[in-house]
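Each chain, written out:
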Amino acid sequence: MLFLHGGRADSRAPSRPWHPAALRMRPFVGAVAAALSDDDVALARVRYRVRGWNGAAADPLHDAERALAELARLVGEVPVILVGHSMGGRAALRVAGAPSVRGVLALAPWCPDGEPVAQLRDRDLVVLHGDRDRVTDPAASRAFVERAGAAGARAGFRSVPGGDHAMLRHSGLWHRTAASVVAGLLPR
């Protein structure tokens with residue numbers, strides 16, 4: 001399982017583990033770890049080279065591809081679940097076409113108009129989005145899920161009432177729901 005944190009639309013500044021976007025994913029890793037009874041599940045966080053998506057450079061997408069390759073090198077070809085927040089959600093959704101990826105949990109993902117969905121065919125996709133998010137658009141996420149479903153993904157959308165982009169309001173609900181969703185996405 002790979003966790004991909006958020007970032008910025010544009011920034012070539014180095015990404016650091018103490019940045020708020022990276023720190024925000026720690027409780028999700030902990031909640032998922034606590035919910036899993038299987039010791040055969042590896043949990044890893046992707047570290048980006050830079051903080052931004054940076055237009056066509058799509059820097060976090062390439063970092064996610066490298067992380068998938070490194071995971072395969074370390075443990076072989078295993079089924080992978082991606083958990084991504086905001087920009088990390090966008091990267092997870094984009095890299096989901098990799099053969100090892102079985103499912104994606106996207107937390108308040110950044111889903112701009114025209115974002116591709118074909119790579120999600122035959123994948124499980126769950127999007128959680130707070131209805132009070134003012135950074136990324138919950139309606140855009142819902143529309144993305146509908147398009148992904150039409151393209152052959154097993155796609156679902158769950159609203160987090162009162163939830164904000166930082167996932168701090170109702171954080172326990174975010175963490176419990178994420179842990180439950182991820183446990184359901186794991187191959188049996």
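To be clear, the structure that these remarks concern was listed above.
Keep in mind the model is a prediction, meaning the values are calculated, not measured. (Residues numbered from 1 in each chain as written. Predicted model: local features only at pLDDT ≥ 70, side-chain atom pairs only at ≥ 80, totals over all residues. Heavy atoms only, no water.)

Draft legend 1. Molecular detail of unusual backbone geometry. Backbone geometry places Ala 108, a non-glycine residue, at a positive phi of 45°. Within the secondary structure, Ala 108 is located in the loop between β4 (101-107) and β5 (124-130). One non-glycine residue, Met 167, adopts positive backbone phi at about 60°. Tracing the backbone through its elements, the reader meets Met 167 in the loop between β6 (154-160) and α5 (171-185). You can call Met 167 buried: its relative accessible area is 2%. (Helix = DSSP H or I, 4+ residues; strand = E, 2+ residues; numbered from the N terminus. Buried < 20%, exposed > 50% of the residue type's maximum accessible area, 1.4 Å probe, protein only.)

Draft legend 2. Seen up close, the packing of helix α1 (residues 20-35) against α5. Put simply, α1 and α5 touch, their axes get as near as 8 Å, and they point 50° apart. Relative to α5, α1 is oriented oblique. As for how α1 packs across α5, the hand of that crossing is right-handed. In this structure, α1 uses Pro 27, Phe 28, Ala 31, Val 32 and Ala 35 to contact α5, whose residues at the interface are Trp 174, His 175, Ala 178, Ala 179 and Val 182. For the contact of α1 with α5, the residue count by class is nine nonpolar, one polar and no charged. (Axes fitted to C-alpha atoms, helices over the stretch in contact; angles between N-to-C directions. Parallel < 35°, antiparallel > 145°, perpendicular 65-115°, else oblique. Left-handed = near helix turned anticlockwise from the far one by under 90°. Contact = heavy atoms within 4.5 Å. Nonpolar A, V, L, I, M, F, W, Y, C, P; charged D, E, K, R; others polar.)

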